[in-house]
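Chain residues, written in single-letter form:
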Amino acid sequence: DPYVVVSSPITGATGKEAFMKRKTKTVKESLDPQWEEEFAYMESTDPVNAAKTITLHLKDADQFGKDEWVGKAALCLKDIMAAGEDGKEE
């Protein structure tokens, strides 16, 4: 039963760094899960935030005991913003 925890450090208006964390829905009994979810992290293209990295932690929900870690990926916000909404480099 896989799910993804999406996390990213974001620098706020006061200069303090906050930690944003979101969790996708759990896909029951799937070895080929697909998530059609969107998460918004910021409204501006602030260079301080653009240099940050979003980390995706793939986990497997365990009914009994601790959820299992499956893998992770890190994506630079600058690269994501350069790709634009359609996912292609601008």
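Residues numbered from 1 in each chain as written. Predicted model: local features only at pLDDT ≥ 70, side-chain atom pairs only at ≥ 80, totals over all residues. Heavy atoms only, no water.

1. Let's talk about the nonpolar core
Of all hydrophobic cores here, the largest spans five residues; its members are Val4, Val6, Ile10, Ile54 and Leu77. Top contributing element to this core by residue count: strand E1 (residues 2-11), with three residues. The residues contacting Val4, other than those within four sequence positions of it, are Arg22, Lys23, Thr24, Trp35, Leu56, His57 and Leu58. (Core = buried A, V, L, I, M, F, W, Y, C linked by side-chain atoms within 4.5 Å. Buried < 20%, exposed > 50% of the residue type's maximum accessible area, 1.4 Å probe, protein only. Helix = DSSP H or I, 4+ residues; strand = E, 2+ residues; numbered from the N terminus. Contact = heavy atoms within 4.5 Å.)

2. Side note on the side chain of Thr55
Among the structural elements, Thr55 can be located in strand E3 (residues 53-60). The class of Thr55 is buried, set by a relative accessible area of 18%. With sequence-adjacent residues up to four places away left out, Thr55 is seen in contact with Val5, Val6, Ser7, Lys72, Ala73 and Ala74.

3. Observations concerning the packing of aromatic side chains
Counting across every chain of the model gives zero aromatic pairs. Above the plane of the ring of Tyr3 lies Lys23, whose end atom (NZ or CZ) is 4.5 Å from the centre. (Phe/Tyr/Trp six-rings, centres within 6.5 Å; stacked < 30°, edge-to-face > 60°. Lys NZ or Arg CZ within 6 Å of the ring centre and 35° of its normal.)

4. Points about the environment of Asp60
Mapped onto the fold, Asp60 is located in strand E3. Judged by its relative accessible area of 23%, Asp60 is partly exposed. Taking the C-alpha atoms as reference, Asp60 lies 9.7 Å from Lys28; in sequence the two are 32 residues apart. Discounting residues that sit within four places of it in the chain, Asp60 has contacts with Asp1, Pro2, Tyr3, Asp67, Glu68 and Val70.

5. A closer look at unusual backbone geometry
Even without glycine at this site, Glu29 takes up a positive phi of about 45°. With respect to the helices, strands and loops of the structure, Glu29 is situated in the loop between strand E2 (17-23) and helix H1 (47-50). With relative accessibility at 78%, the residue Glu29 sits in the exposed group.

6. Section: the environment of Glu68
Position of Glu68 relative to the elements: it lies in strand E4 (residues 68-76). Sequence-wise, Glu68 and Pro2 are 66 residues apart; in three dimensions their C-alpha atoms are separated by 9.2 Å. Apart from residues lying up to four places away in sequence, Glu68 is in contact with Leu58, Lys59, Asp60 and Asp62.

7. A short note on the confidence of the model for the protein
Taken as a whole, the protein shows an average pLDDT of 81; of its residues, 77% reach a score of 70 or greater. E4 holds the highest mean pLDDT among the elements of the protein, 93, whereas H1 holds the lowest, 62. (pLDDT = per-residue confidence, 0-100.)

8. Digging into the side chain of Thr24
As for its position among the elements, Thr24 is in the loop between E2 and H1. Side-chain polar atoms of Thr24 contact the backbone nitrogen of Val4, separated by 2.9 Å. A polar contact of 3.3 Å, which involves the side chain of Thr24, links it to the side chain of Trp35. Leave out the neighbours within four places in its chain, and Thr24 touches Tyr3, Val4, Trp35, Glu37 and Phe39. (Polar contact = N/O pair within 3.5 Å; in protein donor to acceptor, adjacent residues only side chain to side chain.)

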